[in-house]
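# Fold and geometry: a report
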Amino acid sequence: MKREHLTIHFAVFAFIFLMLMSTGGFMIFSIVFIRSLYPTVFLRAVPIAMFLIAIGGSVILGTLISILVSRYLLRPVDDLIKAIKKVAQGDFSVRVKEGYSANELNQLRKSFNNMAEELSNTELFRNDFINNFSHEFKTPIVSIRGFAKQLQNDNISEEQKKEYVDIIVNESDRLASMSSNILLLSKFENQQIVTDKTTFYLDEQIRGSILLLEKQWSAKNLELDIDMDEVSYYSNEEMMSHIWLNILSNAVKFTPENGKITVKCKKSPSGEVTVKISDNGIGMDDRTQKHIFDKFYQGDSSHAWAGNGLGLSLAKRVTDLCGGKISVKSQPNKGTTFTIHLPAENPDEI
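Overview of the structure. As the structure is a computational prediction, the values presented were derived from the model and not from experiment.

What follows covers helix α7 (residues 237-253). Three or four residues apart is the spacing at which side chains of an α-helix point the same way, because the helix has 3.6 residues per turn. Its 17 residues place the ends of α7 24 Å apart at the C-alpha level, agreeing with the 24 Å of an ideal helix rising 1.5 Å per residue. With respect to burial, α7 is a largely interior element, 13 of its 17 residues being buried. The N-cap of α7, judged by a side-chain oxygen 3.2 Å from the amide nitrogen of Glu238 a few residues on, is Asn236.

Laid out in structure tokens, this is it:
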């Protein structure tokens, strides 16, 4: 039997024993008292007296004990009810005092506090997401509006017009990319299983992602060191492409000219796949590494114009859906390495 159950049973037995002892003591006291006052009629009156005293004493004593015990036992329940009403009104900061025992009531209080804590974190995250979303959407719109107004000025040169048009195009692309990423992230966050699985070559998919970014890494004259095994994998090909595109684009963005990016893909004998994407770019401090997968988080403000802080959140969510893990190791000015571990294929699904 569990410890908390033993505690409750002991409390019940103790309460019953206390009631019986109190009633019995009250009856003995009453009998002695009647016998001292009316010794001649004691033998005839004692059965009736005992019955009436037992009934009356039990009612009075039971009522008094019930009031005292109910106040003690029901006070935590009353506090819990008040706290639940506050949570229902939207106050997630409320907490109930926890005891030191391991009974069900204390477990209920602990569970309530955990629930309130989770709701508070969810509310904080929701507000933070809304604030960041509003800011990130507003920034390019304001920029487009400002430079569009500048184009209405007849006194600007052709060179300035070209510069303003380029900025408007870039900000429009950023806005479109942000919208697409938010829709994708929302879709994947509401998705619990990976569907539409097919068998494809993972190494070829990564090479395809590298080719899609050729314009960017060629413009910076980056060296690419590619070492990949031939890896056949069973999953959703379209979903997994978002992992490589986002991590590789980050590597290109934060690696200086003439830098180096290394891509490795290995499959173990057990079927697990490990992909490492490294660069020798600007790197990250510990604080940035802790938040790098948070929505809209951008550790390097100097490159904020080049992204929207959603790519790595998207990559992590897809990795989680696939049953894998993604981690990052980095040092400022020494580069960054992203490691993606993917589980072995399930033969029953193939």
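So, next bit.
Our next topic: the side chain of Ser143. Mapped onto the secondary structure, Ser143 falls in helix α3 (residues 104-151). Sequence-distant contacts of Ser143, that is, excluding residues within four places in its chain, are made with Ile167 and Glu171.

Let's shift gears to helix α5 (residues 202-212). Every buried residue of α5 is listed here: Leu202, Asp203, Gln205, Ile206, Ser209 and Ile210. Along the axis of α5, the buried residues cluster in a sector spanning 160°; they form a single face. Across from the buried face of α5, at angles greater than 90 degrees, the exposed residues are Leu211 and Leu212.

Strand order in the open sheet formed by five strands is β2-β4-β5-β7-β6, with mixed pairing between adjacent strands. The strands lining the two open edges of the sheet, one partner per strand, are β2 (223-228) and β6 (325-331). On average, each strand axis in the sheet is tilted by 10° relative to the strand beside it, whichever way the strands run. The sheet contact formed by strand β5 (residues 273-279) and strand β7 (residues 335-342) spans seven bridges and is antiparallel. Paired with Lys276 across the two strands is Thr339, which belongs to β7. Most of the contacts of α5 go to β2, to which it runs at about 170°, and overall it touches β2, β4 (260-267), β5 and β7.

This paragraph deals with the pattern of salt bridges. On inspection of all chains with the given rule, the structure shows eight salt bridges. Ionic pairing is found between Lys161 and Glu158, a salt bridge with its closest N-O pair at 3.8 Å. Of this pair, Lys161 and Glu158 both sit in helix α4 (residues 158-189), three residues apart, which is roughly one turn of that helix. Classification of Lys161 as partly exposed rests on a relative accessible area of 29%. Several salt bridges converge on common partners, so that one network encompasses Asp203, Glu204 and Arg207.

A few words now on the packing of α7 against helix α9 (residues 311-321). The geometry of α7 relative to α9 is characterised by a closest axis approach of 8 Å and an angle of 145° between their N-to-C directions. Relative to α9, the crossing made by α7 is left-handed. Residues Met239, Met240, His242, Ile243, Asn246, Ile247 and Asn250 of α7 form the contact with α9, whose own contacting residues are Gly311, Leu312, Leu314, Ala315, Val318, Thr319 and Leu321. Class assignment of the residues belonging to the contact of α7 with α9 gives a composition of nine nonpolar, five polar and no charged.

Procedures and definitions
- Residues numbered from 1 in each chain as written.
- Predicted model: local features only at pLDDT ≥ 70, side-chain atom pairs only at ≥ 80, totals over all residues.
- Heavy atoms only, no water.
- Helix = DSSP H or I, 4+ residues; strand = E, 2+ residues; numbered from the N terminus.
- Expected span 1.5 Å × (residues − 1).
- Buried < 20%, exposed > 50% of the residue type's maximum accessible area, 1.4 Å probe, protein only.
- Polar contact = N/O pair within 3.5 Å; in protein donor to acceptor, adjacent residues only side chain to side chain.
- Contact = heavy atoms within 4.5 Å.
- Arc of directions from axis to C-beta.
- Pairing = 2+ DSSP bridges.
- Axes fitted to C-alpha atoms, helices over the stretch in contact; angles between N-to-C directions.
- Salt bridge = Lys/Arg side-chain N within 4 Å of Asp/Glu carboxyl O.
- Left-handed = near helix turned anticlockwise from the far one by under 90°.
- Nonpolar A, V, L, I, M, F, W, Y, C, P; charged D, E, K, R; others polar.

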